[in-house]
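Below are the chains, spelled out letter by letter.
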Amino acid sequence: MTTLPPPGTKIFPENSLEKKCYNIVELFKEYIPIPNDRNRLGYNLYKFMVGEGDPPEIIVKNAKINTVGISTKEFVDKLNAELDKIK
């Protein structure tokens, strides 16, 4: 029995909105130790930026993002500051 190779991964261009949102999340990797939480947050931030999602205050609560070493309010404030830079 054989298996197929995994599908190729498409890398986003550096100037794309997707890449910018995921890069914001990577800035805060010290506060979000779980990689799946970072991926979920990056996806939700992208949806917010294209007008289809909730603001960061709601994203962090509803997506159950576990933060370490920072309060949720401080984290949301930092996220908002970074999102303002790319708007």
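Nothing here was measured: the structure is a model prediction, and the numbers come from that model. (Residues numbered from 1 in each chain as written. Predicted model: local features only at pLDDT ≥ 70, side-chain atom pairs only at ≥ 80, totals over all residues. Heavy atoms only, no water.)

**Q** Before we go on, may I ask you to explain the pattern of salt bridges in this structure?
**A** Pairing of side chains with opposite charge becomes possible as their charged atoms draw close. Scanning the model with the defined rule gives seven salt bridges in all. Measuring nitrogen to oxygen at the nearest pair gives 3.9 Å for the salt bridge that ties Lys 19 to Glu 14. On the basis of relative accessible area, Glu 14 is assigned to the exposed category, the value being 57%. The residue Glu 82 makes a salt bridge to Lys 85 at a minimum N-O spacing of 3.2 Å. Residue Glu 82 and its partner Lys 85 are located together in helix H4 (residues 72–86), separated by three residues, close to a single helical turn. Judged by its relative accessible area of 19%, Glu 82 is buried. Overlapping salt bridges, with partners in common, bring together Glu 26, Lys 29 and Arg 38 in one network. (Salt bridge = Lys/Arg side-chain N within 4 Å of Asp/Glu carboxyl O. Buried < 20%, exposed > 50% of the residue type's maximum accessible area, 1.4 Å probe, protein only. Helix = DSSP H or I, 4+ residues; strand = E, 2+ residues; numbered from the N terminus.)

**Q** Explain the packing of helix H2 (residues 35–49) against H4 to me, please; I cannot follow it from the model alone.
**A** In helix packing, the relevant descriptors are the interaxial angle and the interaxial distance, both defined with respect to the helix axes. Between H2 and H4, the least distance of the axes is 12 Å, while the angle of their chain directions is 50°. As summarised for this structure, H2 and H4 are arranged oblique, according to the angle between their axes. Read as a crossing pair, H2 and H4 show a hand that is right-handed. Contacts from Leu 41, Leu 45, Phe 48 and Met 49 of H2 reach H4 at Phe 75, Leu 79, Leu 83 and Ile 86. Taken together, the residues of the contact of H2 with H4 sort by class into eight nonpolar, no polar and no charged. (Axes fitted to C-alpha atoms, helices over the stretch in contact; angles between N-to-C directions. Parallel < 35°, antiparallel > 145°, perpendicular 65-115°, else oblique. Left-handed = near helix turned anticlockwise from the far one by under 90°. Contact = heavy atoms within 4.5 Å. Nonpolar A, V, L, I, M, F, W, Y, C, P; charged D, E, K, R; others polar.)

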